[in-house]
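Listed below, chain by chain, are the residues.
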Amino acid sequence: MVVKTSSFVTEIPLRTTSKDLAVLAARLESARQLYNAVLSEGKNRLQLVRDSELYQQARLMNKNDKKAKSTAFQKAREAKRFSDYDLQAFANKTAIASVWIKSNLDAQTIQKVATRAFKAIERMAFGKAKKVRFKQKGQFASLEGKTNKQGIRWTGNGVEWSKLKLSAIITNDPVILHGLSSKVKYVRLVRRILNQKTYWFAQLICEGEPYQKPKNIIGDCTVGIDLGVSTVAIVGDEKTIWTTFAVELASPQKKIRKLQRQMDRQRRANNPDNFNPNGTVKKGSKRWNKSNHYKKTAAKKGEIERKQAAHRKSLHGKLVNQTLALGKHIKTEKISVKAWQKNCGKSIGFKSPSSFQSEIKRKAENAGGTVLMFSTHKTALSQTCLCGNKQKKSLSQRVHHCSVCGLKMQRDILSAYLSRYVDPKTETLSIQLARNGWLGMEKSLLDGWQNGSNQPARTATCSKSPVSNNGLERVSSNLIAREESEPVRVNETRSVS
Ligand SMILES: [Zn+2]
C-alpha cells in the first residue's frame with residue numbers, strides 16, 4: 001500500500017545542446033505515439049465494458065448498496081481488462097513491438113504514459129470530461145518518471161535519463177533552494193517553447209510543503225523598473241509585475257475639470273468688470289468678488305483633490321511595497337515629468353510619478369538598499385534589444401519584436417529587465433550580463449506579461465496613447481501605451497521600417 005504524502009513542485013530550467021534537444025524530441029515523440037495507442041486501446045476496452053452483461057447488471061443494482069454496486073462495476077471492468085495496470089501492460093507490449101519506442105523510453109516512463117492515458121479515459125467515463133483527445137504533434141510536452149531511482153532522475157545538480165545528462169540552471173532563489181533541500185519523489189521533464197525556441201525544465205515533485213514566503217519581507221535582489229504614463233513594469237529575480245500605474249486616479253480628474261469650469265463661469269458672472277470683451281482677464285490690480293456658490297464649488301473641488309491625493313498615496317504605497325518585496329536594490333530610469341506632459345498633456349502630473357520615485361528611494365534606502373536612477377539619454381533601453389540591435393520604436397509599438405534576432409517581449413517589461421543590468425558607475429547597459437541572465441528569467445517575464453494582459457479593463461488616462469493591439473495585449477487593451485519619454489539621439493539608433 002502506497003502511503004500518500006503531500007508534495008509540491010519545484011521547477012528548474014535545464015541546459016540543452018542541440019544534440020540533447022534532438023534526443024529529447026525523439027523521446028517525446030515516442031511517448032506521444034504510445035499515449036495515442038494506449039488511449040485508443042483504452043477507449044475500445046471501455047466500450048466493451050459498457051456493452052457487457054456484467055456492466056448492465058451492475059447498472060440495475062440498487063444504488064443504496066454502494067459497496068456491492070461498486071464491486072459489480074469493478075468486476076465488469078476486470079473482465080475486459082480495463083484498468084491502469086492492464087493498460088500499463090498493453091503499453092509495455094506496444095513499446096517492445098515497435099522497437100523504436102522501447103529504444104527511446106524506459107519501463108517507468110512507459111508506465112506513466114499509460115497511466116496518463118488511463119486517467120484521461122476515466123475522466124470521460126465518470127463524466128468529468130466530454131471526450132478524450134488524441135495528442136497532435138506539439139500537444140504532448142511532458143514526460144515523467146515514477147521514482148527518483150530509475151528512469152528520469154534528479155542527481156542534485158541536473159537530470160539523468162539513460163545516457164542523457166542535462167545540467168540545471170540553479171539560482172539562489174529561496175523557493176528553488178527549498179525544493180532542492182527536500183526529498184524528490186520523481187521528476188517530470190517539461191518542454192516549453194518561448195520565442196520560437198525550445199527550452200526544457202525539470203519539475204521536481206518534492207515531498208513536503210512548498211516554500212512559505214515570509215510576508216512583507218524586503219528582498220535582497222536587484223529590481224528593474226520601467227515607469228510609464230499608464231503602466232509600470234517591475235522585474236525582480238523571481239517575479240515580473242506588469243501593471244497599470246495609478247490609472248484608478250483617472251475618473252476624479254474629469255470631475256475636477258468640470259468643477260474648474262463651473263468656478264470659472266461663477267467668477268466671470270460675479271466679476272464682469274475684471275474681464276475684457278474678448279474674455280481675457282484685464283491687466284492690473286483688481287478685486288475678486290467670491291460668491292457663496294463659488295466658495296462652495298471651490299470647497300467641493302478641494303475635497304476631491306484631497307481624496308485623490310490620499311488615493312494616489314495608497315496606490316503608490318502598494319506598488320512600492322510590491323517592488324521592495326522583490327528586492328531593495330532598485331534600478332530605474334530617471335523620469336522626466338516634462339517629457340510625459342509633452343506627450344500626454346499637463347494633466348498627467350496628477351499621477352505624480354516623481355513622488356512615486358522618491359517614495360521608493362526613501363523606503364529602499366531605509367532598508368539598506370541602493371537606488372540607481374540613470375539617465376535615459378545614455379542607455380536608450382526602449383530601443384535596445386538583447387542581441388545589441390538598436391531599433392527605434394513608434395509609440396504604438398507595444399511589443400518589442402527584434403528584426404535581427406526575432407526576440408519578442410512586451411517593451412516595458414524588456415526595458416525593466418534591461419534596467420537591472422545598467423552599471424551604476426558608467427550608467428551604461430551591460431548587454432552581456434543581460435544576455436547571460438535571460439534564460440533563467442524568460443519564463444517569469446512571459447508570466448508577468450500574461451498576467452498583466454489579463455487584468456480587468458480600466459480607464460485610459462493619456463488621450464494621445466495609442467491602444468495597443470499587439471501580442472498578448474490583444475486580450476484586453478486596458479494597459480494603455482506608455483509614451484516615449486526619452487529623446488532619441490539619431491546617431492545611436494537605426495530605424496527599421
Ligand atoms: Zn535582437
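As shown above, the structure is provided for reference.
Numbering of residues starts from 1 in every chain and runs along the sequence as written. Local features in this predicted model are restricted to residues of pLDDT 70 or higher, and side-chain atom pairs are both shown and tallied only at a pLDDT of 80 or more, whereas totals for entire chains, interfaces and linings draw on every residue.

**Remarks on the overall build of the chain**
Piece 1. Put simply, DSSP marks the helices as runs of H or I at least four residues long and the strands as runs of E at least two long, and each gets a number from the N terminus on. Along the backbone of the chain there are 14 helices and 14 strands.
Piece 2. A fraction of 70% describes how many contacts in the chain between residues 6 or more apart in sequence connect residues 24 or more apart. Contacts are defined on C-beta atoms placed from the backbone: any two residues whose C-beta positions lie within 7 Å are in contact.

**Details of unusual backbone geometry**
Piece 1. Its identity as a non-glycine residue notwithstanding, Arg 81 has a phi of 55°, on the positive side.
Piece 2. Secondary-structure assignment places Arg 81 in the loop between α3 (66-79) and α4 (84-98).
Piece 3. Positive phi outside glycine occurs at Val 99, with the angle close to 60°.
Piece 4. As for its placement among the helices and strands, Val 99 is situated in the loop between α4 and α5 (100-104).

**Structural notes on the nonpolar core**
Piece 1. We define a nonpolar core as a collection of buried residues of the types Ala, Val, Leu, Ile, Met, Phe, Trp, Tyr and Cys that are connected via C-beta atoms lying within 7 Å of each other. Buried residues are those with 20 or more other C-beta atoms within 10 Å of their own C-beta, exposed residues have 12 or fewer, and partly exposed residues lie in between; C-beta atoms are placed from the backbone. Core analysis: the largest hydrophobic core is formed by 39 residues, its most contacted members being Ile 234, Val 235, Ile 413 and Tyr 417.
Piece 2. Every element with two or more residues in this core is listed here: β8 (222-227), β9 (231-235), β10 (240-244), α9 (292-326), α11 (353-366), α13 (411-419) and α14 (431-453).
Piece 3. In terms of residues, this core owes the most to one element, α13, which gives 5 residues.
Piece 4. Core analysis: the next-biggest nonpolar cluster, separate from the first, contains 37 residues, Phe 90, Ala 114, Ile 152 and Leu 189 among them.

**What to know about α14**
Piece 1. Its 23 residues give α14 an end-to-end C-alpha distance of only 27 Å, which falls more than 12% under 33 Å, the value for a rise of 1.5 Å per residue.
Piece 2. Throughout, the bend at a residue refers to the angle made by two axes, fitted to the seven residues ending there and to the seven starting there. The sharpest bend along α14 reaches about 65° and sits at Leu 439.
Piece 3. Next to the buried residues of α14 lie β6 (184-194), β9, β10, β14 (408-410) and α13. An expected span of 1.5 Å times one less than the residue number is assigned to each helix.

**Digging into the packing of α9 against α11**
Piece 1. Each axis is a line fitted through C-alpha atoms, and for a helix only the stretch in contact is used; angles between axes span 0 to 180 degrees, taken between their N-to-C directions. Running from N to C, α9 and α11 cross one another at 45°; their axes reach a closest spacing of 10 Å. Compared by their axis directions, α9 and α11 come out oblique. Taken as a pair, α9 and α11 cross one another with a handedness that is right-handed. Packed against α9, whose contacting residues are His 316, Leu 319, Val 320, Thr 323 and Leu 324, the element α11 presents Ser 355, Phe 356, Glu 359, Ile 360, Lys 363 and Ala 364 at the interface.
Piece 2. Across the contact of α9 with α11, the residue classes break down as 6 nonpolar, 3 polar and 2 charged. Working rule for angles: under 35 degrees goes down as roughly parallel, over 145 as roughly antiparallel, 65 to 115 as roughly perpendicular, anything else as oblique. For any helix crossing, the convention is left-handed if the near helix is rotated counterclockwise from the far helix by under a right angle, and right-handed if that rotation is clockwise. In this classification, Asp, Glu, Lys and Arg are treated as charged, Ala, Val, Leu, Ile, Met, Phe, Trp, Tyr, Cys and Pro as nonpolar, and every other residue, Gly included, as polar.

**Observations regarding the sheet that holds strand β4 (residues 158-161)**
Piece 1. In this analysis, strands are considered paired if DSSP registers two or more bridges between them. Across the sheet, 3 strands lie side by side as β3-β4-β5; this open sheet has antiparallel pairing. Lying at the two open borders of the sheet, with one neighbouring strand each, are β3 (153-154) and β5 (164-167).
Piece 2. Two strands pair when backbone bridges link them, and β4 and β5 are joined in this way by 4 bridges, in the antiparallel orientation. Looking at the pairing, Glu 160 lines up with Lys 165 of β5.

**Looking at the sheet that holds β10**
Piece 1. Overall, mixed pairing links the 5 strands, which are arranged β10-β9-β8-β11-β12 in an open sheet. Edge positions in the open sheet fall to β10 and β12 (371-374), since each of these has one partner strand only. The sheet shows a mean angle of 15° between the axes of neighbouring strands, direction not considered.
Piece 2. Two strands pair when backbone bridges link them, and β9 and β10 are joined in this way by 5 bridges, in the antiparallel orientation. Residue Val 232 lies in a different strand from β10, and its bridge partner there is Thr 243.
Piece 3. Relative to β9, α9 is tilted by about 20°, and along the sheet it contacts β8, β9 and β10.
Piece 4. In the packing of α14 onto the sheet, the strands contacted are β9 and β10, and the crossing angle to β10 comes to about 25°.

Function-wise, these values are silent; they only describe arrangement.
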